[in-house]
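# Fold and geometry: a report
The residues making up each chain are set out below.
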Amino acid sequence: MSKCPDARDCLNKLVVPAMSDVSDKVDFRLSFIGQLTNEDDGVQCMHGQTECLGNILMLCAASSYPDPKLHLGFSNCLISDYEQIPRKELVQDCALEHGLDFDVLNECMSKDTGAYGMHLLRESVQHSADVDVKTSCTVRLNDKVRCVYDGGEWKDCDDGSKPEDLVKDIERLYDEAQGWTY
């Protein structure tokens, strides 16, 4: 949720630092919560339509630049100044800072008169509903809830809420998937 303080803090404190160490071992995906509707272009976002635009920008970045080091950095840049979403200057600055082409993002946003981006958002919101995620920020690992940051507090983080805790879990699961044992 691009205009959510909890999502901002969760990305800054846990996800981005952890992913800087293990992005090559993770199939990373941002997924947004919202309400599917027959109005508001089909999705209602908790913090309004400008949040929907911010979410679409992040999804367009992920779609156009699949490397999480690129799109996650861009998304973190946007959400760090979420009050300014969707100001063009913010998007341009974050794109430039993280090596994304603003024109590519703009093309994704306007493709099919905006229908493509809205489709990405609808799919994302549907995915969150399918996996029963209702709280921003919910971190899932290996199809299970790993940790939740809600109301400025970490919850359900049995294995720790620090980046190194998440990295340790990711590396363990990665090693197990490779058949490596120690």
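Residues numbered from 1 in each chain as written. Predicted model: local features only at pLDDT ≥ 70, side-chain atom pairs only at ≥ 80, totals over all residues. Heavy atoms only, no water.

As recorded by an unreviewed UniProt entry, the protein chain carries the name GILT-domain-containing protein and is attributed to Dothidotthia symphoricarpi CBS 119687. Of the protein chain, the UniProt comment under Sequence similarities (unreviewed entry) reads exactly: "Belongs to the GILT family." Taken directly from UniProt, the Subcellular location (unreviewed entry) text for the protein chain runs: "Secreted". (UniProt positions renumbered as here; feature names shortened; annotations may be inferred.)

## Concerning the sheet that holds strand 5 (residues 153–155)
Taken in spatial order, the three strands of this open sheet run 3-4-5, and their pairing is antiparallel. With partners counted over all chains shown, the strands left at the sheet margins are strand 3 (138–141) and strand 5, one partner each. Taken over all neighbouring pairs, the strand axes of this sheet differ in orientation by 20 degrees on average, direction set aside. Contacts from helix 1 (residues 5–22) reach strand 3, strand 4 (144–150) and strand 5, with the element oriented near 120 degrees to strand 4. (Pairing = 2+ DSSP bridges. Helix = DSSP H or I, 4+ residues; strand = E, 2+ residues; numbered from the N terminus. Axes fitted to C-alpha atoms, helices over the stretch in contact; angles between N-to-C directions. Contact = heavy atoms within 4.5 Å.)

## With respect to the state of the cysteines
If you walk through the whole model with that rule in mind, you get five disulfides. Cys-45 shares a disulfide with Cys-52; S-S distance 2.1 Å. Torsion about the S-S bond of the Cys-45 and Cys-52 cystine: about 110 degrees, corresponding to right-handed handedness. Under the relative-accessibility criterion, Cys-52 is labelled buried at 1%. The residue that forms a disulfide with Cys-60 is Cys-108, at a sulfur-sulfur distance of 2.1 Å. Residues Cys-60 and Cys-108 are joined through a disulfide that is left-handed, its torsion about the S-S bond being -75 degrees. Highlighted residues: Cys-60 in helix 2 (residues 49–64) and Cys-108 in helix 5 (residues 102–110), separated in sequence by 48 residues. Per residue, the accessibility class of Cys-60 equals that of Cys-108, and both read buried. Here the bonded cysteines of the protein chain are numbered in sequence order, and their pairing is 1-8, 2-3, 4-7, 5-6, 9-10. (Disulfide = S-S within 2.5 Å. Buried < 20%, exposed > 50% of the residue type's maximum accessible area, 1.4 Å probe, protein only.)

## Overview of the packing of aromatic side chains
One pass over the structure, following the stated rule, counts one aromatic pair. Just above the ring of Tyr-116 sits the side chain of Lys-111; from NZ or CZ to the centre is 4.3 Å. (Phe/Tyr/Trp six-rings, centres within 6.5 Å; stacked < 30°, edge-to-face > 60°. Lys NZ or Arg CZ within 6 Å of the ring centre and 35° of its normal.)

## Looking at the pairing of strand 3
Here strand 3 shows a buried face lined by Val-139 and Leu-141 and an unburied face lined by Thr-138 and Arg-140. Of the strand pairs in this sheet, strand 3 and strand 4 are connected by four bridges, and their pairing is antiparallel. Within the sheet, the bridge partner assigned to Val-139 lies in strand 4 and is Cys-147. Between strand 3 and strand 4, which follow one another and run antiparallel, lie two residues, and Asn-142 among them has a positive phi close to 60 degrees.

## Some words on the side chain of Asp-165
Along the polypeptide, Asp-165 turns up in helix 7 (residues 163–178). Salt bridges are absent for the buried Asp-165, whose nearest opposite-charge side chain, Arg-146, sits at 5.2 Å. Setting aside residues up to four positions removed in sequence, Asp-165 forms contacts with Arg-146, Asp-159 and Gly-160. (Lys, Arg positive; Asp, Glu negative; His and termini not counted. Salt bridge = Lys/Arg side-chain N within 4 Å of Asp/Glu carboxyl O.)

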